Amino acid sequence: MKTRLTKEIGRLLARRWKNMTPWGNLRGISVFLLLLACGCSPAFITELQVSSYMQKKQHHEVIKALQPKLEKTGETPSFQLYLLAGAFYEIRDYEKMFATVDRLEKNIAMGDDSYYGSDLTVYPKTLRGLAYLDQGDYNRAIKEAEEAYALLNQPKGKSSNFYRSQLIDIAGILGIAYANLNRDRKVERCLAMLESVSPDVSILGPEKYLAIARVNMARKRFNKALAAVKNPAAKVSGMVTAFYDQTFQELPKFFILSKCLYETGAIAEAKSGYDQLLKHPQIKQIGGLYWPVLLDRAKIARAEWEQSLAEQLLKEAAEVIEKQRSSINTETGRIGYVGDKQSIYQEMVSLLVAGGRIAEAFEYVERAKGRALVDLLSSQKNIVTHSREASKVENTLNRLAKVENNLNIIEDQADKGEGRQTRGVVISLKKELAEQAPEFASLVTVTGTSLGEIRERITANETLLEYYSTGKDWYAFVLKREGIAAKKLAAGEIEKDVQRLREALADPSSQGYRELSKMLYDKLVAPIHSLINTKELTVVPHGALHYLPFGALFTGKEYLLDLHNIRVLPNASVLKFLKASLKKDDRQALILGNPDLGDPKYSLKYAEEEALAIAKILPGAQVLLGKDAQAAYVAQHGGRFPIIHFAAHGLFDPENPLNSALLLAKGKDHDGLLKAGDLYRLSLNADLITLSACETALSKVASGDDVMGFTRGFLYAGSRSIVSSLWKVDDLATRDLMVDFYEKVTRMEKDEALRQAQIKVKEKYPHPFFWAAFQLTGLSQ
């Protein structure tokens, strides 16, 4: 128990240090605790030590100090839970952070809701808000921050010692989230809220002006961010600096300063700042700052023709972001500059192509797409391994997580010798995981595939055409068994061109689609078409090209569909996961048609006819119509069928492609939505899955390679091939196309069957709206 004197000192200091900040890595809280240390309980001394660890970014030490007690007794004071949740947040262990925050919220509900006059009720909300910012889930971040603001403005919150520091945290979260959603008026209100905070306590000044800088960085208004970070009040001074370590207040501030200098053209000053940051002994412990510094410094080196240095820096940056199985955006997410990790690969590809190192550039393209896949799946739970040795895979994965955690602790403590040894174990375990379950390994680690491995899986009569955008430039890689070539394309504003063509194709009465199609052919295919002298063409799109129906590109005389059997892949590396197709006589099918969605206006007359007509072609098919066409049946029994056909509505969610869904009938315990994210928990064994539904081939177009709609999910779930659509299709024309496709696929390859079915519909309905939406992904055999 603390003495009465200590309690009185606590009350006095609480009033004196009112509004010092507890978050921002608890800057200043140890000032508060240090002055209370005499005559304190062991628990209080623990809190003092832990707050010191938080200042120094020794987050694993925080966890080592607090987690064992929580696991042993299940009881921990709210303030210690807050520190523990903050540590989990900082090391990017979101699962444990959210679990700890849930415990903290329960403690608060039971009455343990304050600490020396400081209200703790807002912290579960602000911690979740920060995590959602990192994950790019800005709407959820806003929801949490707004709820925190409402709590803060309750009478108890307003009287809290930390009211103003909590207000800064909340306004900062809201400002960054609104900035990323381009809601400028809301951003201005958040900035006004920050400006209104009076930093009469010196350690509030840095928090206020760094928050203003972060919001402006999120808006890409680097001049304003620079002015904020240079404000004299953004620095702690005076006696208070003697009580706590400013290192990790100053490092983010110094990064913001250097980044703003770089973005505003003060390259020499930015270069000097980045060089100082790279020499800092603790910079490597902050992965979220380390790789953006390496990236920008590499860009400066390239501009100064120091190509060797640039390559070295880019390789190191790639290693930093690839050594973790989950996103390392935390620090950059919080400062508002959510750096695009894809920029590392874009710079490297550009550098290698310029140097004539095409094979290496291609491998970095594949690594880039692997990084994007890992990021998009980092929040997925219970992904099925599809391995006969599932228990071994789980054991390996648990060992890998433990060793990676130990490696982080070692690096925090700068034990280089032990770090090298532990990194060796990590590499060994990742190799073991790849051998046990290669598909699963590709989803939880960044796994590179060599050019040789990909070439081995290309047939003699096939050309693989892979596109890649660096943001500024477009490249086309043409890969055959005998070699590889690359071409820089004069693509211009390709995203706008694709959008214009899609708008024309979506309107069957439009007349200008051929000119737009010819323009895109000239930009994307004509420069390398002479290299494509094979009937089989495999296209690996990138960015906006995932929206493009390549078969509808017009040469001036004919469509690309008339010249080639075309299939699409999400990336070339997926070839090593595609298993051989089943025998042609193994055609048992599950057909779901015209599900009952509870409203007659959603009925698809021709979808039901389509389902029944296909069933006649495939003897022994099981047909589920109306209320029987349930998602739950697919989840429970889909693994029995080599062919699964969906004739139903589909819904594409551009904000979260994993929430895209096939709309099937509701069941007793199922809402009827078969979501793209659910597919990673299914185990199928399908030779062919056909999605005769609206927009089922679409995926979100952003950085990396966002192919996380249905096609990638079904490939992972165990399908060898998927036929899906790029826009809302015509019901009658789709029926004709699908029936003809299934008649042909029993006697020819899938890509040829689809091409001939499309050509037949094209003869009846010349406009591409009716025939060009469907594409084949995966194996063509």
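Every value quoted in this text rests on a predicted model; they were computed, and no experiment measured them. (Residues numbered from 1 in each chain as written. Predicted model: local features only at pLDDT ≥ 70, side-chain atom pairs only at ≥ 80, totals over all residues. Heavy atoms only, no water.)

## Details of the overall build of the chain
Then, in step 1: Scanning the chain from N- to C-terminus turns up 32 helices and 16 strands.
Then, in step 2: Burial analysis of the chain (781 residues in total) assigns 60% to the buried set.
Then, in step 3: Within the chain, contacts between residues at least 6 apart in sequence are counted, and of these 72% link residues at least 24 apart.
Then, in step 4: Total accessible area on the chain stands at roughly 31,200 Å², and carbon and sulfur atoms take up 50% of it. (Helix = DSSP H or I, 4+ residues; strand = E, 2+ residues; numbered from the N terminus. Buried < 20%, exposed > 50% of the residue type's maximum accessible area, 1.4 Å probe, protein only. Contact = heavy atoms within 4.5 Å. Areas by Shrake-Rupley, 256 points an atom, 1.4 Å probe, with all protein chains shown as cover.)

## Some remarks on the nonpolar core
Then, in step 1: In terms of nonpolar packing, the biggest core is built from 151 residues, with Phe477, Leu592, Phe646, Leu674, Ile689 and Phe714 touching the most fellow members.
Then, in step 2: In terms of residues, this core owes the most to one element, helix H10 (residues 163-180), which gives eleven residues.
Then, in step 3: Once residues lying within four places of it in the same chain are set aside, the contact partners of phenylalanine 714 are Phe646, Leu674, Leu679, Leu684, Ile689, Leu691, Ser719 and Ile722.
Then, in step 4: Within the second largest apolar cluster, 66 residues are counted, among which are Tyr467, Leu524, Ala552 and Met738. (Core = buried A, V, L, I, M, F, W, Y, C linked by side-chain atoms within 4.5 Å.)

## Focus: the environment of isoleucine 617
Then, in step 1: The topology assignment puts isoleucine 617 in helix H28 (residues 605-617).
Then, in step 2: With 123 residues separating them in the primary sequence, isoleucine 617 and aspartate 740 have C-alpha atoms 9.8 Å apart.
Then, in step 3: Ignoring anything within four residues of it in the chain, the contact list for isoleucine 617 reads Val739, Tyr742 and Glu743.

## Remarks on the pairing of strand S16 (residues 774-778)
Then, in step 1: Among the five residues in S16, five count as buried, and that is most of the element.
Then, in step 2: Pairing geometry for strand S15 (residues 721-725) and S16, over five bridges, is antiparallel. Paired with serine 724 across the two strands is glutamine 775, which belongs to S16. (Pairing = 2+ DSSP bridges.)

## Details of the side chain of threonine 100
Then, in step 1: By the secondary structure assignment, threonine 100 is in helix H6 (residues 94-109).
Then, in step 2: Here threonine 100 falls in the buried class, since its relative accessible area comes to 4%.
Then, in step 3: Each residue touching threonine 100, except ones within four places of it in the same chain, is listed here: Leu81, Leu84, Ala85 and Phe88.

## A few points about the pattern of salt bridges
Then, in step 1: In this structure the tally under the stated criterion is 34 salt bridges.
Then, in step 2: Here glutamate 752 ties to arginine 755 by a salt bridge, and the two come within 3.4 Å at their closest N and O atoms. Placement of the pair is glutamate 752 and arginine 755 together in helix H32 (residues 750-764), with a separation of three residues, close to one helical turn.
Then, in step 3: With a relative accessible area of 15%, glutamate 752 lands in the buried category.
Then, in step 4: Because the salt bridges share partners, they merge into one network encompassing Asp102, Glu105, Lys125, Arg128, Lys143, Glu144 and Glu147. (Salt bridge = Lys/Arg side-chain N within 4 Å of Asp/Glu carboxyl O.)

## Here's the deal with unusual backbone geometry
Excluding glycine, a negative phi dihedral is what most residues carry, and trans is how most peptide bonds are arranged.
Then, in step 1: The phi torsion at asparagine 182 lies on the positive side, around 60°, for a residue other than glycine.
Then, in step 2: Here asparagine 182 lies in the loop between H10 and helix H11 (184-196).
Then, in step 3: If you check the backbone angles, tryptophan 305 has positive phi at about 65° while not being a glycine.
Then, in step 4: If you trace the backbone, tryptophan 305 turns up in the loop between helix H16 (287-303) and helix H17 (307-322).
Then, in step 5: With a relative accessible area of 73%, tryptophan 305 lands in the exposed category.

## Digging into helix H31 (residues 731-745)
Then, in step 1: Given a rise of 1.5 Å per residue, 15 residues ought to cover 21 Å, and the 21 Å separating the end C-alpha atoms of H31 matches this to within 8%.
Then, in step 2: Of the positions making up H31, those classed as buried are Ala733, Thr734, Leu737, Met738, Val739, Asp740, Phe741, Tyr742, Lys744 and Val745.
Then, in step 3: At the N-terminal boundary of H31, the capping side chain belongs to aspartate 730, with an oxygen 3.3 Å from the backbone nitrogen of leucine 732. (Expected span 1.5 Å × (residues − 1). Polar contact = N/O pair within 3.5 Å; in protein donor to acceptor, adjacent residues only side chain to side chain.)

## Concerning the pairing of strand S8 (residues 589-595)
Then, in step 1: When you tally the buried positions in S8, you get seven out of seven residues, the bulk of the element.
Then, in step 2: Note: S8 against strand S10 (residues 643-647), five bridges, orientation parallel. Counted as the bridge partner of leucine 592 is phenylalanine 646 from S10.
Then, in step 3: In the sheet, S8 pairs with strand S9 (residues 622-626) via five bridges, with the strands oriented parallel. The partner of proline 595 across the bridge, within S9, is glycine 626.
Then, in step 4: As for the winding sense of the linkage, the β-α-β connection from S8 through H28 to S9 is right-handed. (Right-handed = clockwise from strand over helix to strand, strands pointing away.)

## Some thoughts on helix H4 (residues 59-73)
Then, in step 1: The end-to-end C-alpha separation of H4 is 21 Å, in line with the 21 Å expected for 15 residues at 1.5 Å each.
Then, in step 2: Among all positions in H4, only His59, His60, Glu61, Val62, Ile63, Leu66, Gln67 and Leu70 are buried.
Then, in step 3: Directly after H4, the chain includes glycine 74, whose backbone phi takes a positive value near 75°.

## What about the packing of helix H7 (residues 123-134) against H10?
Then, in step 1: Closest axis-to-axis distance for the H7/H10 pair is 10 Å, and the angle between their directions is 30°. On the basis of the axis angle, H7 is roughly parallel to H10. Crossing handedness for the pair H7 and H10: left-handed. Listed contacts from H10 to Tyr123, Thr126, Gly129, Leu130 and Leu133 of H7 are Gln166, Ile170, Ile173, Ile176 and Ala177.
Then, in step 2: Here the residues of the contact of H7 with H10 sort into seven nonpolar, three polar and no charged. (Axes fitted to C-alpha atoms, helices over the stretch in contact; angles between N-to-C directions. Parallel < 35°, antiparallel > 145°, perpendicular 65-115°, else oblique. Left-handed = near helix turned anticlockwise from the far one by under 90°. Nonpolar A, V, L, I, M, F, W, Y, C, P; charged D, E, K, R; others polar.)

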